[in-house]
Amino acid sequence: MLIHCTAGANTEEAQYEATIGWFQRERPGNESSAHVVIDRQRNVNISVPYGLIAYHAAAKGPNGESGGYYNRTRLAIEFCKRAPIGEGQYTDEQYAVGAEIIAEMADIYGFPINRETIKGHSEVQSDRLDPGPLFRWDYFMSLLA
Ligand SMILES: [Zn+2]
């Protein structure tokens with residue numbers, strides 16, 4: 001799993017719709033998408049079916065595997081947030097539904113739930129900051145315990 005967030009679109013509703021639209025847009029060279037988009041209430045959109053590759057991280061793998069390694073090996077969840085990285089909290093609803101989805105994915109794909117299998121984008125790609133310092137990892141992982 002890789003955790004991402006959006007930042008800085010107009011209204012919360014517009015942002016959710018715009019993110020889904022962007023991820024599902026058919027175009028050559030579509031280079032950003034995530035499997036699941038979660039808004040700040042509890043709405044969830046499966047933008048890319050779990051069995052397909054989403055383009056959510058350009059980083060090389062931990063052992064120097066070629067760029068896009070995490071696209072090939074990780075499912076992606078995008079939490080919608082209006083505030084820039086480092087500002088504005090995620091909602092309890094987002095954490096709750098995110099945890100439910102990860103539990104479901106872990107069930108389907110048989111991966112263990114821990115901080116090795118569930119990482120933030122910034123933890124694998126040095127030029128990215130999401131989900132940012134306000135993402136409450138301890139709380140989130142406690143929901144998955
Ligand atoms: Zn990201």
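My aim in this report is to walk through the structure given alongside it, one point at a time.

Conventions and cut-offs
- Residues numbered from 1 in each chain as written.
- Predicted model: local features only at pLDDT ≥ 70, side-chain atom pairs only at ≥ 80, totals over all residues.
- Helix = DSSP H or I, 4+ residues; strand = E, 2+ residues; numbered from the N terminus.
- Rg over C-alpha atoms; globule rule 2.2 N^0.38 Å.
- Buried ≥ 20, exposed ≤ 12 C-beta atoms within 10 Å, placed from the backbone.
- Contact = placed C-beta atoms within 7 Å.
- Expected span 1.5 Å × (residues − 1).
- Arc of directions from axis to C-beta.
- Pairing = 2+ DSSP bridges.
- Axes fitted to C-alpha atoms, helices over the stretch in contact; angles between N-to-C directions.
- Parallel < 35°, antiparallel > 145°, perpendicular 65-115°, else oblique.
- Left-handed = near helix turned anticlockwise from the far one by under 90°.
- Core = buried A, V, L, I, M, F, W, Y, C linked by C-beta atoms within 7 Å.

1. Details of the overall build of the protein chain
Next, step 1: When helices and strands are tallied, the protein chain shows five helices and five strands.
Next, step 2: Ordered by position from the N terminus, the helices and strands of the protein chain form the series β-α-β-β-α-β-α-β-α-α.
Next, step 3: Radius of gyration (C-alpha) of the protein chain: 14 Å, near the 15 Å computed for a compact globule of 145 residues.
Next, step 4: Along the longest, intermediate and shortest principal axes, the C-alpha atoms of the protein chain span 40 × 40 × 30 Å.
Next, step 5: Across the 145 residues of the protein chain, 30% fall into the buried class.
Next, step 6: Looking at the protein chain alone, contacts between residues at least 24 apart form 63% of all its contacts between residues at least 6 apart.

2. Here we look at helix α3 (residues 92-109)
Next, step 1: Compared with the 26 Å implied by 1.5 Å per residue over 18 residues, the 26 Å span of α3 between its first and last C-alpha is a close match.
Next, step 2: Residues of α3 that are buried: Gln-94, Val-97, Gly-98, Ile-102 and Met-105. The buried residues of α3 occupy one face: seen down the axis, they fall within an arc of 140°. Summarising the geometry of α3, the exposed residues directed more than 90 degrees from the buried face are Asp-92, Glu-104 and Asp-107.
Next, step 3: Among the structural elements, β2 (36-38), β3 (44-46), β4 (76-79) and α5 (137-144) are those in contact with the buried residues of α3.

3. Details of the environment of Tyr-90
Next, step 1: Checked against the element boundaries, Tyr-90 lands in the loop between β4 and α3.
Next, step 2: Spatially, the C-alpha atom of Tyr-90 lies 8.0 Å from that of Phe-79, the residues being 11 residues apart in sequence.
Next, step 3: The residues contacting Tyr-90, other than those within four sequence positions of it, are Phe-79, Lys-81, Tyr-95 and Phe-135.

4. Here's the deal with the sheet that holds strand β1 (residues 2-5)
Next, step 1: Taking strand neighbours across the sheet as the criterion, the five strands line up as β3-β2-β4-β1-β5 in an open arrangement whose pairing is mixed. Looking along the sheet, the strands with just one partner apiece sit at the ends: β3 and β5 (119-120).
Next, step 2: Pairing analysis gives three bridges linking β2 to β3, with the strands arranged antiparallel. When the sheet's bridge partners are listed, Val-37 is paired in β3 with Asn-45.

5. Quick word on the packing of α3 against α5
For any two helices packed against each other, one specifies the crossing angle of their axes together with the interaxial distance.
Next, step 1: The N-to-C vectors of α3 and α5 enclose an angle of 50°; their axes lie 9 Å apart at closest approach. The orientation of α3 relative to α5 falls into the category oblique. Classified by chirality, the crossing of α5 by α3 is right-handed. Between α3 and α5, the residues in contact are Tyr-95, Ala-96, Gly-98, Ala-99, Ile-102 and Ala-103 and Tyr-139, Phe-140, Leu-143 and Leu-144, respectively.

6. Here's the deal with the pairing of β1
Next, step 1: Residues of β1 alternate between two faces, with Leu-2 and His-4 on one and Ile-3 and Cys-5 on the opposite face, all of them buried.
Next, step 2: Sheet topology places β1 next to β4; four bridges connect them, and they run parallel. By the bridge assignment for β4, Ile-3 is matched with Ile-77.
Next, step 3: Both β1 and β5 contribute to a ladder of two bridges, which runs parallel. Along β5, the bridge assignment pairs Leu-2 with Lys-119.

7. A word on the nonpolar core
As a rule of thumb, nonpolar side chains are buried together in soluble globular proteins.
Next, step 1: Counting residues in hydrophobic clusters, the biggest one holds 25 residues, and the most contacted among them are Met-1, Ala-34, Val-37, Ile-38 and Ile-77.
Next, step 2: Within the residue set of this core, elements represented by two or more residues are β1, α1 (12-24), β2, β4 and α3.
Next, step 3: If near-sequence neighbours (up to four positions away) are discounted, Ile-38 is found in contact with Val-44, Ile-77, Phe-79, Cys-80, Gln-94, Val-97 and Gly-98.

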